[in-house]
Amino acid sequence: MKKITNILFNLPVISQIKKSQPLLTSWLRRLEVRQNAIEPVDNQVTALNDNVEETRYNNIDYTPWNHPYLTANNISRFQKYSESVWEFALSYVNQHQEPLKCAFLDNMAQNMHKWAMLVQKYDQEVALFPNVADVSAISAPEWENFDGEHLDLLDGANFLNAHPNIGLEIPCYRIPLEGSDFYAAYLKFCEGDRSPLLHLLKASLSLRHEPLITYQGVYPYYQLATALSQFDVIYGTNIPIAAYLSGKPYCVASTGGDLQFSAGMSHDFGQIMNLSFNAARFLMISNPHTLGHCRRLGLTNGVYLPYPMDDQRYFPGEGKARKEWEAKYGKGVYVLTTSRLDKKVKGQNETYFETLINVAKQKPEIRFIFLAWGNDASEFRQKLQLSGMQNQFIILNPVGKKRLIDYYRSCDILLDQFVYGYYGATALEAAAIGKPVIMKLRTEQYKPLYSGDVAPMVNASTPGDIAQALLFLVDNPEFRQNKGLELRKWLVRHHGEEKTVPLMIALLRLTADQVPLPKDLINPLWDDINAEEEIYHAACKQSNSN
């Protein structure tokens with residue numbers, strides 16, 4: 001036995017280990033000392049983490065129009081920077097006209113369905129991936145082609161079951177939020193069986209797998225992220241987490257609440273949302289207040305892109321519903337409100353309601369039409385019943401977008417929102433169809449964004465403004481018509497597909513090819529945060545003890 005031992009320890013490698021034994025012993029002793037020193041530090045780190053949990057805050061801006069960054073100078077600088085990016089992107093795409101394979105992620109408010117349709121018209125390969133967690137009817141791509149009524153906009157399952165044959169003009173994939181295979185493989189990895197997880201990751205080499213296991217509730221996006229990783233580029237909105245996880249180049253657009261609320265929350269979802277918007281190559285911005293959100297959240301990838309509109313689908317024409325309305329409610333001037341009934345966001349509060357009542361009393365020919373949806377729809381209906389003015393206030397069921405286009409054509413005036421002062425798809429759709437729009441518009445912020453060519457909306461900031469605008473438009477049908485035509489021309493000039501779709505494709509091409517911008521193009525969002533902004537951002541912080 002002793003002989004065998006001598007032979008073993010005299011083998012080259014073992015002999016070297018034997019000679020190194022004193023050094024190894026010394027290292028082990030040092031490790032023991034370090035371990036003893038680390039234990040108190042671990043306790044301190046644990047205490048620090050507990051302290052961080054207690055002092056976490058939500059970062060939410062309830063009045064984004066007040067952000068101090070939104071000066072005419074800053075907005076103008078951003079607009080000029082964006083035009084330089086456009087010029088560079090269009091020049092690049094002229095030399096690289098290969099078709100893109102582009103995935104459109106989420107379909108909040110039908111944005112991605114509409115934009116995918118437009119991009120497909122320009123001979124690009126597209127696919128739509130709705131967020132299956134959004135079970136509302138209004139986010140189903142079928143809603144865009146639906147020519148009918150559906151009572152509950154939040155009930156997408158019944159909508160789809162009741163109308164199974166609505167055709168789609170683009171490929172649509174509803175990928176379940178499923179990551180159980182990934183999670184099971186990860187558990188095995190932690191237990192020492194690493195092959196299942198490594199094999200899964202090999203199937204999609206671009207995947208960012210660390211966030212899947214780092215943030216609570218993120219692993220269910222695994223299957224969707226894997227599907228998206230097969231595309232050249234992704235354009236996401238609302239919840240672009242899967243685009244981030246895919247590891248492929250992507251752009252994002254904000255729908256409003258994603259940056260105002262979600263990306264500033266202190267929990268894991270808020271953090272992964274912030275990372276997802278930050279990792280996008282471009283954050284497409286169509287309204288000025290998004291710049292304030294970028295400053296508050298630390299985002300520097302914004303670029304201005306006017307909201308792309310299909311002005312060949314949304315165009316003036318004779319409305320079929322008008323004859324039905326007149327047969328049932330009488331001839332008159334029809335004022336349509338299609339946005340949700342929401343006092344806090346859209347402005348249909350008590351004063352607003354009283355203003356419309358007073359206008360209706362002065363003008364018996366006026367007819368107000370509302371669609372029954374939104375947080376305050378039931379309360380609004382009750383008010384109408386108590387007012388005794390039901391003959392002039394009409395509440396109709398929500399309708400699909402194809403029917404809504406006909407409603408736009410059938411009305412005389414559109415009433416939009418009166419709180420934020422920024423337009424969304426509703427005002428732009430009505431503008432494309434050539435109807436005058438009454439809304440609150442923050443012209444001082446839009447003017448530098450549009451180089452002075454502000455949308456010719458009928459700007460109404462107060463209840464008195466709303467009443468005055470309605471009374472004037474009712475009495476002046478020729479002005480109504482001219483105002484609508486003027487608005488249509490403005491829409492085509494700035495948001496029409498001939499301008500915006502080539503820009504959108506060029507930015508996506510630049511993203512797909514990961515082409516760096518010229519070094520002299522510095523985004524104004526990189527400006528240092530000044531003292532006024534620091535105070536403003538501090539006021540947006542809300543302690544979170546959860």
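Throughout, a residue's number is its position along its own chain's written sequence, starting from 1. At least 70 in pLDDT is required for a residue's local features to be given in this predicted model, at least 80 for side-chain atom pairs to be given and counted, and no such filter applies to totals for whole chains, interfaces and linings, which use all residues. As a rule here, side-chain values cover all heavy atoms of the structure and leave hydrogens and water aside.

*Asks:* What should I look at first to understand the nonpolar core in this one?
*Replies:* One recurring pattern in soluble globular proteins is that nonpolar side chains are buried together. What is meant by a nonpolar core is a set of buried Ala, Val, Leu, Ile, Met, Phe, Trp, Tyr and Cys residues, joined one to another through side-chain atoms within 4.5 Å. Relative accessibility decides the category of a residue: with a 1.4 Å probe and only protein chains considered, values under 20% of the type maximum give buried, values over 50% give exposed, and everything between is partly exposed. Of all hydrophobic cores here, the largest spans 125 residues; its most connected members are Phe104, Tyr235 and Tyr423. Labels follow the DSSP assignment, with helices taken as runs of H or I lasting at least four residues and strands as runs of E lasting at least two, numbered in each case from the N terminus. Sorting elements by how many residues they give to this core places helix 24 (residues 497-512) first, with 9 residues. Apart from residues no more than four positions distant in its own chain, phenylalanine 104 is found in contact with Met112, Trp115, Ala116, Val119, Val126, Ala127, Leu128, Phe129 and Tyr235. Listed in part, the 32 residues of the second largest apolar core include Val458, Leu470, Leu471 and Val474. Here, residues are in contact when the closest pair of their heavy atoms is within 4.5 Å.

*Asks:* Just to check I follow, could you spell out the sheet that holds strand 8 (residues 333-337) for this structure?
*Replies:* The strands making up a sheet associate through hydrogen bonds between their backbones, and the pairing can be parallel or antiparallel. Each pair of strands is called paired provided DSSP finds at least two bridges between the two strands. Pairing in this open sheet of 6 strands is parallel, and the strands run 10-9-8-11-12-13 from one edge to the other. Edge strands, defined here as strands with exactly one partner in the open sheet, are strand 10 (393-396) and strand 13 (458-459). Bridging between strand 8 and strand 11 (residues 413-415) involves 2 bridges; their strand directions are parallel. Bridging across to strand 11, leucine 336 finds its partner in leucine 414.

*Asks:* Could you clarify how one ought to interpret the sheet that holds strand 4 (residues 233-237) in this entry?
*Replies:* In space, the 6 strands of this open sheet follow the order 3-2-4-5-6-7, with parallel pairing throughout. In this open sheet, the two strands that pair with only one neighbour each are strand 3 (125-129) and strand 7 (302-304). For this sheet the average axis-to-axis angle between neighbouring strands, irrespective of direction, equals 25°. Pairing analysis gives 2 bridges linking strand 5 (residues 250-253) to strand 6 (residues 283-285), with the strands arranged parallel. Each residue of the ladder has a partner; that of valine 252, found in strand 6, is leucine 283. Packed on one face of the sheet, helix 24 meets strand 2 (101-105), strand 4, strand 5, strand 6 and strand 7 and runs near 120° to strand 4. Convention adopted: a line fitted to C-alpha atoms gives each axis, helices being fitted over their contacting stretch, and angles between N-to-C directions are expressed from 0 to 180 degrees.

*Asks:* Is there a simple way to explain the pairing of strand 4 in this structure?
*Replies:* Regular strands place side chains that alternate from one sheet face to the opposite one. Here strand 4 lies mainly inside the structure; 5 of its 5 residues are buried. Burial of the side chains of strand 4 extends over both faces: Val233, Tyr235 and Thr237 are buried on one face and Ile234 and Gly236 on the other. Both strand 2 and strand 4 contribute to a ladder of 4 bridges, which runs parallel. What sits directly across from leucine 105, in strand 4, is glycine 236. In this structure, strand 4 lies alongside strand 5, joined through 4 bridges in parallel fashion. Bridging across to strand 5, threonine 237 finds its partner in alanine 253. Consider the strands pointing away from the viewer: the crossover is right-handed when the path from the first strand over the helix to the second runs clockwise. Note that the unit made of strand 4, helix 11 (residues 241-246) and strand 5 has a crossover that is right-handed.

*Asks:* For this particular structure, what's the right way to read helix 22 (residues 463-475)?
*Replies:* The α-helix advances 3.6 residues per turn, and as a result positions three or four apart in sequence lie on the same side. Every helix has an expected span of 1.5 Å times one less than the residues it contains. The terminal C-alpha atoms of helix 22 lie 19 Å apart, and with 13 residues this matches the ideal 18 Å at 1.5 Å per residue to within 8%. Turning to helix 22, its buried residues are Ile466, Ala467, Ala469, Leu470, Leu471, Leu473 and Val474.

*Asks:* I keep staring at the environment of histidine 113 and nothing clicks. Help me out?
*Replies:* Following the sequence through the fold, histidine 113 ends up in helix 5 (residues 111-121). When the C-alpha positions of histidine 113 and glutamate 142 are compared, they lie 9.3 Å apart, and in sequence the two are 29 residues distant. If sequence neighbours within four positions are ignored, histidine 113 has contacts with Asn107, Leu128, Pro141, Glu144, Leu168 and Ile170.

*Asks:* What is the right way to read the layout of surface pockets from this model?
*Replies:* Think of a ball as big as a water molecule: rolled over the atoms, this probe shows where empty space is left. The pocket and cavity definitions rest on a 1 Å grid over protein atoms only: a 1.4 Å probe that fits but cannot leave marks a cavity, an open set with protein on both sides within 12 Å along at least five of seven lines marks a pocket, and residues lining either have an atom within 4 Å of a point. Grid points are joined across faces, edges and corners, and a volume is the space filled by probe spheres set on the points. Quantified by volume, the second largest pocket comes out at close to 390 Å³. For the lining of the second largest pocket, the secondary structure elements donating two or more residues are helix 15 (321-329), helix 19 (401-410) and helix 23 (477-495). Take the lining of the second largest pocket: its biggest share by element is 4 residues, from helix 23. In this count, Pro and Cys sit with the nonpolar residues alongside Ala, Val, Leu, Ile, Met, Phe, Trp and Tyr, while Asp, Glu, Lys and Arg are called charged and the others, Gly among them, polar. The residue makeup of the lining of the second largest pocket, split by class, is 6 nonpolar, 5 polar and 8 charged.

*Asks:* How should the pairing of strand 10 be read in this particular structure?
*Replies:* Every second residue of strand 10 is oriented toward a common face, with Phe393 and Ile395 on one face and Ile394 and Leu396 on the other, all of them buried. Two strands pair when backbone bridges link them, and strand 9 (residues 366-371) and strand 10 are joined in this way by 4 bridges, in the parallel orientation. Residue isoleucine 369 lies in a different strand from strand 10, and its bridge partner there is isoleucine 394.

*Asks:* Just to check I follow, could you spell out the confidence of the model for the protein chain for this structure?
*Replies:* Low pLDDT means the predicted coordinates in that region are not meant to be read closely. Here the protein chain averages 88 in pLDDT, while 88% of its residues score no lower than 70. Per-residue pLDDT stays below 50 along residues 1-52; that stretch engages in 5 contacts with residues further than four places along the chain or on separate chains. Per residue, pLDDT measures the predictor's confidence, with a range of 0 to 100.

*Asks:* How should I be thinking about empty space enclosed by the protein in this particular structure?
*Replies:* Across all of its chains, the model carries 3 cavities of 30 Å³ or more by this definition. Estimated volume of the largest cavity: approximately 60 Å³. As for the largest cavity, its lining consists of His113, Lys114, Met117, Glu144, Asn145, Glu169, Asp310, Arg313 and Tyr314.

*Asks:* Explanation requested: unusual backbone geometry in the structure shown.
*Replies:* Of note, the phi angle at glutamine 110 is positive, near 70°, even though the residue is not glycine. Mapped onto the elements, glutamine 110 comes out in the loop between strand 2 and helix 5. Judged by its relative accessible area of 1%, glutamine 110 is buried. Although it is not a glycine, aspartate 123 adopts a positive phi angle of roughly 65°. Along the chain, aspartate 123 falls in the loop between helix 5 and strand 3.

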